[in-house]
Amino acid sequence: MHMASPIDRLDMMEQELMQMKSMRNNMQMMPMAGLQMMQSQSAGMLPPLNQTQQPQVVHIHEGGNGGTSSGGGVDTAQHQEIMKAHKEMLNALKETQSSHSQLLLQHRDLEKQHGDLLKAHKDLIQKMATMSTGGKGAAAKKKAKAPSLGVVRLDYNYPPAAGDTDSPASYGYDVFYRATPGLTFEAAQAGQFSEEVERRFAESIKYLEARGVNAITGDCGFMMAFQVLARKIASKPVFMSSMVQCPLISAAMSETDEILVLTANGDSLRAQKDVLLSHCGFDVKNHKFIIRGCQDVPGFEAVAQGKKVPLDKVQPGIVKMVKATLKKNPKITAILSECSELPAYSDALRHHTGLPVWDIITACDFYVSAFQDNPRFGVDDWQNAWDGDQEDYEFGTHLTKDDKAKLISKVQEQKGKKEKAKIKNALDKIKISAAKTSFPKLGILRLDYNYPPSAGDVDCPASYGYDLLYRSVPGFTFEMCQSGKLSPTVEKDFIAALKWLEKKGASIITGDCGFMMAFQPIARDVVKVPVFMSSMVQCPMISVAFDKYDKILILTANDATLKPQKETLLSHCGFDVDDNRFVIRGCQDVPGFDAVAKGEKVNVEYVTPGIVKMVKKLLEQFPTIRAINLECSELPPYADALRQETKLPVFDAITAADYFISARQDNPRFGFNQWQCDWDGEHDEYELGDNLSDSELARMESLGR
């Protein structure tokens, strides 16, 4: 049986009510003579009222029978019942309408949020399309300029060689200089200067920032004494010495490994032990660091004399001294050149020792890379490429006439091209006799977790500009990694995978999940090559470049799961989760990013606007954020978009990998050239489970074997 709906029932009741009202009116207007005719018709249903028919008048005499009309009139009790039902239906309808209105408001809010996200997505796509067509049209946005470096120079004039901080030929990007009158080598070595020199030092930093530089360094390692002052003045990252790399290098090495620190004079470095310890994490007395000065190397005395250094004579002496030091200290597994005039010898040391070598140039490249468009993935063509030309500079340029007059080291004419060619030819003779070594490889330890990685992801070969080696660990699931604990069987396979990567020629080893940081202590004790299991190892090197009141934003897949690893992060990365300098935010609520947790392919194009929107809101909430570090290994695809939209430096797992590889790589701009084979640009094909034995494959949970 069909049940009438509330609306249908209401219509029927309203029609019946209208008929009853019409009948009552007619009965009141009819003469008594017509009452019988009316009564004769009352037994049946009233016919529909004809609009063309004149109404009949009926007079009704009210009776005293409690509401019932005399002569067979309408029952008013029924009328009241109908009216009551009508009111109930109206109230029910009002409640339904109220609920409907609330749902509509909620729906409109959701539509607005969805519309905002779609608009942001559309705007980003339009920007990308505009830039890909060369910026044509009214909507074209001007490209960002290529990043540049600023160098604060001592009041010390000398002829720098390629590889030196003061030589523009040392860099693959624009570099701008500013000398500081009164800031002599002796003042830097003493770690003190007068109030007037301090003011000029501040002016140099402000001048460089006004030129639009993205990072600032000094041209003498002893300027580390002024690191705290410099970062208070600057808004951009500041690193006054290559020693800021110490915590990052140390984190990648075993506790028993030793690091050789080369300086112009070993005794002078020890005098700055307090500054180095408090701001670089470098303890001069720590057995881990072996300090050697180069003052006794034949020809190197030219550095102290401010003369041109004979590279062809000094280079063999540096190599000989380092080899002797390695023989005496066999636990040395890495080299760091502190002096800003030592990078010219880094390639020769890499070739002859087989060890990674860091210097002030690797530090400069690290900070600049965080501002640079990554050509391999992410947003393309948002930044102009470097034109390859450096600004002409001579000592004292960019100073006012009065400031030039205050220079202690007077401006001298630079030596000509003839001597430069002579030095280059001497180095060419050395490189011809050297046998080439293989191009460096990055080893990547993979979870037992199969998913389709996007370009920029650690597990995607397209993310890198060098060779890769992958090795998965059976049973090492995402859940186990997140827990920070390995089962005995998985730990055994974990160690075996690390040793396999090292044996196959990996120069550096990393992991494909940021939560592997919990296993950094195990990994770095197993192999001799540098190991960084998470991009979080960069945190100390990032934070040292900014004032203590500045903040660094850490983006992770899920912020709740990063905090349980606080002990490992603090003891092995120098990263305190509870330090309010670090703002930690998860991306779990960004539309589309849930694919990461599901192990599905992430739609990077769809997710990018949500990541950018979330970060922009955080920058409004925390205006002192100066840098961003992407902890999750699936976040690098969004780094370029964040660089473009926020103008902040963005570090991730790829900047960390590039940094460590650079210590193994031939620097093509200077030094000992053509000692290393070129990379062929091809990556070996890899699928999860490759390079495993049959028994290991059988234990791979994600492959379902």
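Structural notes, computed from the coordinates. Since the structure is predicted, the reported quantities are computational estimates derived from the model, not experimental observations. Residue positions are given per chain, counting from 1 as you read along its sequence in written order. Local features in this predicted model are restricted to residues whose pLDDT is 70 or higher, and side-chain atom pairs enter the listing and the counts only when it is 80 or higher, whereas totals over whole chains, interfaces and linings include all residues. Just so you know, side-chain values use all the structure's heavy atoms and leave hydrogens and water out.

1. So, the overall build of the chain
Right, on to step 1. Counting from the N terminus, the helices are DSSP H or I runs at least four residues long and the strands are E runs at least two residues long. Counting its regular elements, the chain contains 26 helices and 16 strands.
Right, on to step 2. By residue count, 52% of the 705 residues in the chain fall in the buried class.
Right, on to step 3. Sequence-distant contacts, at least 24 apart, represent 76% of the contacts inside the chain between residues at least 6 apart.
Right, on to step 4. In short, Shrake-Rupley with a 1.4 Å probe defines the accessible areas, and a residue's cover is counted only from the protein chains shown. A total of about 33400 Å² of accessible surface is found on the chain, and carbon and sulfur atoms cover 52% of it. Each residue gets one of three labels from its accessible area relative to the maximum for its type: buried under 20%, exposed over 50%, partly exposed in between, using a 1.4 Å probe on protein chains only. Residue contacts are defined here by distance: any two heavy atoms, one from each residue, within 4.5 Å place the two residues in contact.

2. A short note on the pairing of strand β2 (residues 174-179)
Right, on to step 1. Burial analysis of β2 places six of its six residues in the buried class, the great majority of the element.
Right, on to step 2. Because side chains alternate across β2, one face comprises the buried residues Asp174, Phe176 and Arg178, and the other comprises Val175, Tyr177 and Ala179, equally buried.
Right, on to step 3. Taken together, the six bridges between strand β1 (residues 148-153) and β2 define a ladder with parallel strand orientation. Among the inter-strand pairings, valine 152 is bridged to a residue of β2, identified as arginine 178. Pairs of strands are assigned from DSSP output, requiring at least two bridges between the strands.

3. Regarding helix α17 (residues 488-503)
One turn of the α-helix equals 3.6 residues, which is why residues spaced by three or four share an orientation.
Right, on to step 1. Between its terminal C-alpha atoms α17 stretches 23 Å, which fits the 22 Å expected from 16 residues at 1.5 Å a residue.
Right, on to step 2. Along α17, the positions that sit buried rather than exposed are Val490, Asp493, Phe494, Ala497, Leu498, Trp500 and Leu501. Within α17, the buried residues cover an arc of 160° as seen down the axis, which keeps them to one side. Those residues of α17 that are exposed and aimed more than 90 degrees away from the buried face are Pro488, Lys492 and Lys503.
Right, on to step 3. One or two steps after α17, the chain reaches glycine 505, where phi turns positive at roughly 105°. Any helix carries an expected span of 1.5 Å times its number of residues minus one. Our arc is simply the arc of the directions from the helix axis toward the C-beta atoms.

4. Considerations on empty space enclosed by the protein
Right, on to step 1. Grid spacing is 1 Å over the protein atoms alone, the probe is 1.4 Å, and a cavity is where that probe fits but cannot get out, while a pocket is an open set with protein on both sides within 12 Å along at least five of seven lines and lining residues have an atom within 4 Å of a point. Grid points are joined across faces, edges and corners, and a volume is the space filled by probe spheres set on the points. Enumeration according to the criterion identifies five cavities of 30 Å³ or more in this entry.
Right, on to step 2. Roughly 150 Å³ of internal volume is contained in the largest cavity.
Right, on to step 3. Gly counts as polar in this scheme, as do all residues outside two lists: the nonpolar Ala, Val, Leu, Ile, Met, Phe, Trp, Tyr, Cys and Pro, and the charged Asp, Glu, Lys and Arg. The residue makeup of the lining of the largest cavity, split by class, is nine nonpolar, two polar and four charged.
Right, on to step 4. Here the second largest cavity defines a volume of roughly 80 Å³.
Right, on to step 5. Lining the second largest cavity are 14 residues, and of these Ala161, Asp164, Val309, Leu311 and Glu341 lie nearest its centre.

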